[in-house]
Amino acid sequence: MKNQKLEISKGEVVIYKSKSGSIRLDVKLANETAWLNQHQIAILFGTQRPAITKHLSNIFDSKELNRKSVCSILEHTASDGKTYKTMFYNLDAIISVGYRVNS
């Protein structure tokens, strides 16, 4: 999937939490799946990015998922207005990380 050009559309997912407010994630949608970077996955599961990095490494090392089939480098426009090439992970990887974070 890395070498394919993905058509990306922007979506918004709002995850509600307690009275303190809501969490908003700008989700990239392509090829019938959602794509998040490690920072966004950390926000989604209420943890820090190093924990996500560790879980993803374990997922790939154990061959639970194939890195090439769940990762893609996509262009991402940051809050500073600049465009960066960033590693994004599809819904399969996001779910696998979720199981590990919440167990």
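Nothing here was measured: the structure is a model prediction, and the numbers come from that model.

Each value, and the rule that gives it
Residues numbered from 1 in each chain as written. Predicted model: local features only at pLDDT ≥ 70, side-chain atom pairs only at ≥ 80, totals over all residues. Heavy atoms only, no water. Helix = DSSP H or I, 4+ residues; strand = E, 2+ residues; numbered from the N terminus. Buried < 20%, exposed > 50% of the residue type's maximum accessible area, 1.4 Å probe, protein only. Contact = heavy atoms within 4.5 Å. Areas by Shrake-Rupley, 256 points an atom, 1.4 Å probe, with all protein chains shown as cover. Pairing = 2+ DSSP bridges.

S.K.: Give me the overall build of the chain: which residues, what numbers.
M.R.: The secondary structure content of the chain amounts to four helices and five strands. Helices and strands in the chain line up, N terminus first, as β-β-β-α-α-α-β-β-α. For the chain, the residues scored as buried account for 33% of the 103 residues in total. Summarising the internal contacts of the chain: among those between residues at least 6 apart in sequence, 47% fall at separations of at least 24. Accessible surface computed for the chain: about 6,900 Å², of which carbon and sulfur atoms make up 49%.

S.K.: Can you break down the pairing of strand 4 (residues 71–77) residue by residue, with the values?
M.R.: Consecutive side chains along a regular strand alternate between the two faces of the sheet. Direction of pairing for strand 4 relative to strand 5 (residues 83–90): antiparallel, over a ladder of seven bridges. Each residue of the ladder has a partner; that of leucine 74, found in strand 5, is threonine 86. Connecting the antiparallel pair strand 4 and strand 5 is a turn made up of five residues, with glycine 81 showing a positive phi of about 85°.

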